[in-house]
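Observations on the three-dimensional arrangement
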Amino acid sequence: MPRRWTVILRDLADTARPIRPEDCHGLLNRWWPQPPEEHASAKRWAMNGWPAPLGDRLYHWTLTWLDDAVAPPVDPEGTVGRIQRIGDHILEPLSVTRTFDHDYATLLTRARGPATVRTAELRSRTPVVTTTRDTTGERIPHVWPGPRRIFGAVHRSGGGIVGGSGAVGAVARFAPPALSGPWLESVFEGLDLVRRSPVPDEEVRLVEHHQAEGRTVLGWRGALRLEVVGGDRRHAEVFTTLLELVELSGIGKYTAQGFGSVLVDTVTWERAVVGEAVQRPRRAPRRPSALSGPPGGEAPVRAVAELEEFGGVLFD
């Protein structure tokens with residue numbers, strides 16, 4: 001079932017170069033290897049950002065296992081006290097806390113209670129890599145993604161699901177088919193009602209993340225507001241589930257390397273009052289913005305967030 005862990009690590013190395021995404025990816029590939037024929041496929045796990053320094057040689061790291069039927073080959077909770085290497089860093093896990101543990105049946109069918117989200121703000125924790133193809137077929141950075149690009153895609157062939165990515169892809173690949181099929185159809189309908197808008201003073205901007213051997217990954221940083229416009233409670237419930245899933249799965253490409261990690265802040269909710277649903281605004285406590293300047297290793301490049309016609313496909 002989908003699981004999420006928060007890991008606290010102590011660095012035992014006296015000197016080391018900065019932690020790199022490819023080094024983190026290498027460790028998790030040893031923990032959770034996939035067959036060679038699946039190497040290029042979406043992983044069963046997502047790395048929700050990279051180990052973040054806390055001071056005094058301590059790091060905080062969050063990891064997610066997405067498969068509903070197959071348990072992870074290595075349970076992070078069993079690594080406490082066992083030395084792990086990430087690049088030049090010699091890290092000892094001091095504690096591992098499981099912070100999420102629900103199967104897809106629960107996620108897709110549970111009653112949401114009196115509160116259902118209709119508006120939320122998504123903020124990037126690491127560069128989000130979304131691309132689109134130009135007229136020549138070359139992939140170029142896409143810095144103002146629509147809701148369907150944000151929540152992922154399902155790939156079908158011959159009438160069956162052959163793959164997927166992001167939040168909806170995780171459901172398509174790992175949830176029980178009897179539940180995932182109808183739920184994905186409701187997602188297809190519900191996402192047509194989702195609109196995006198900028199968050200004041202937190203504009204989306206293009207950034208460069210420099211990796212080893214001169215490689216550069218282009219992504220975007222910033223915040224987006226998403227809102228369900230119209231529809232009924234069923235559409236709001238689907239939207240609420242997607243928001244929960246997107247924090248687990250991440251957005252875009254390279255989520256198994258720590259890119260595409262986001263935080264979700266709910267902004268408004270519906271509350272049932274005497275059988276009638278009404279909306280009441282609530283401002284979520286603002287997190288201190290980490291977007292006032294680029295993190296180390298990222299060079300900001302100004303990009304205009306151009307409005308585009310809402311489009312895209314859920315199934316391709």
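First things first, this report covers the structure right here in the doc. Computed from a prediction, not measured in an experiment: that's the story for all the values here. The residue numbers shown here count from 1 along each chain, following its written sequence. Where local features are concerned, this predicted model is filtered to residues with pLDDT of at least 70; where side-chain atom pairs are given and counted, the filter is 80 or more; whole-chain, interface and lining totals use all residues. Side-chain numbers here rest on the full set of heavy atoms in the structure, without hydrogens or water.

Thoughts on the overall build of the chain
Secondary structure elements follow DSSP: runs of H or I no shorter than four residues count as helices, runs of E no shorter than two count as strands, and numbering proceeds from the N terminus. In terms of regular secondary structure, the chain is built from six helices and 18 strands. Sorting the 316 residues of the chain into buried and exposed places 47% on the buried side. Here, residues are in contact when the closest pair of their heavy atoms is within 4.5 Å. Taking the intrachain contacts of the chain between residues at least 6 apart in sequence as the baseline, contacts between residues at least 24 apart amount to 72%. The method behind every accessible area is Shrake-Rupley, applied with a 1.4 Å probe, and residues are considered shielded solely by the protein chains displayed. Roughly 15100 Å² of accessible area belongs to the chain as shown, and the carbon and sulfur atoms make up 54% of that amount. Here the term buried applies to any residue with accessible area under 20% of the maximum for its type, exposed to any over 50%, and partly exposed to those in between, with areas from a 1.4 Å probe on protein chains only.

Here we look at the environment of Ile 251
With respect to the secondary-structure elements, Ile 251 resides in the loop between helix H6 (233-249) and strand S16 (262-273). According to the relative accessible area criterion, Ile 251 is buried, its value standing at 1%. The spacing of Ile 251 and Gly 152 is 99 residues in sequence and 7.1 Å in space, taken between C-alpha atoms. Aside from chain neighbours lying at most four places away, what touches Ile 251 is Leu 122, Val 128, Thr 130, Arg 149, Ile 150, Val 246, Gly 260 and Val 262.

Some words on the nonpolar core
Core analysis: the biggest nonpolar cluster contains 42 residues, and Tyr 104, Phe 151, Val 171, Trp 183, Phe 239, Leu 242 and Leu 243 have the highest contact counts within it. Contributions of two or more residues to this core are made by helix H2 (104-109), strand S7 (115-124), helix H3 (147-151), helix H4 (166-174), helix H5 (177-191), strand S15 (223-228), H6 and S16. A total of seven residues in this core trace back to one element, the largest contributor, which is H6. The residues touching Tyr 104, leaving out its near neighbours within four places in the chain, are Pro 2, Leu 66, Asp 68, Ala 170, Val 171, Phe 174, Ala 175, Pro 176 and Leu 245. Ranked by size, the runner-up nonpolar core spans 23 residues in total, among them Cys 24, Leu 63, Leu 91 and Val 217. We define the nonpolar core as a collection of buried residues of types Ala, Val, Leu, Ile, Met, Phe, Trp, Tyr and Cys that are connected through side-chain atoms lying within 4.5 Å of one another.

Side note on the packing of H4 against H6
Axis separation between H4 and H6 bottoms out at 8 Å; the angle between their running directions is 90°. With respect to their mutual orientation, H4 and H6 come out roughly perpendicular. For the pair H4 and H6, contact is made by Gly 166, Ala 167, Val 168 and Val 171 and by Leu 242, Leu 245, Val 246 and Ser 249, respectively. Each residue gets one label: Ala, Val, Leu, Ile, Met, Phe, Trp, Tyr, Cys and Pro are nonpolar, Asp, Glu, Lys and Arg are charged, and the others, such as Gly, are polar. Taken together, the residues of the contact of H4 with H6 sort by class into six nonpolar, two polar and no charged. To obtain each axis, a line is fitted to C-alpha atoms, and for helices this fit is confined to the stretch in contact; angles are then taken between N-to-C directions over 0 to 180 degrees. Any angle between 65 and 115 degrees counts as roughly perpendicular, while under 35 counts as roughly parallel, over 145 as roughly antiparallel, and the rest as oblique.

Note that all results are geometric; they support no functional claim without further evidence.
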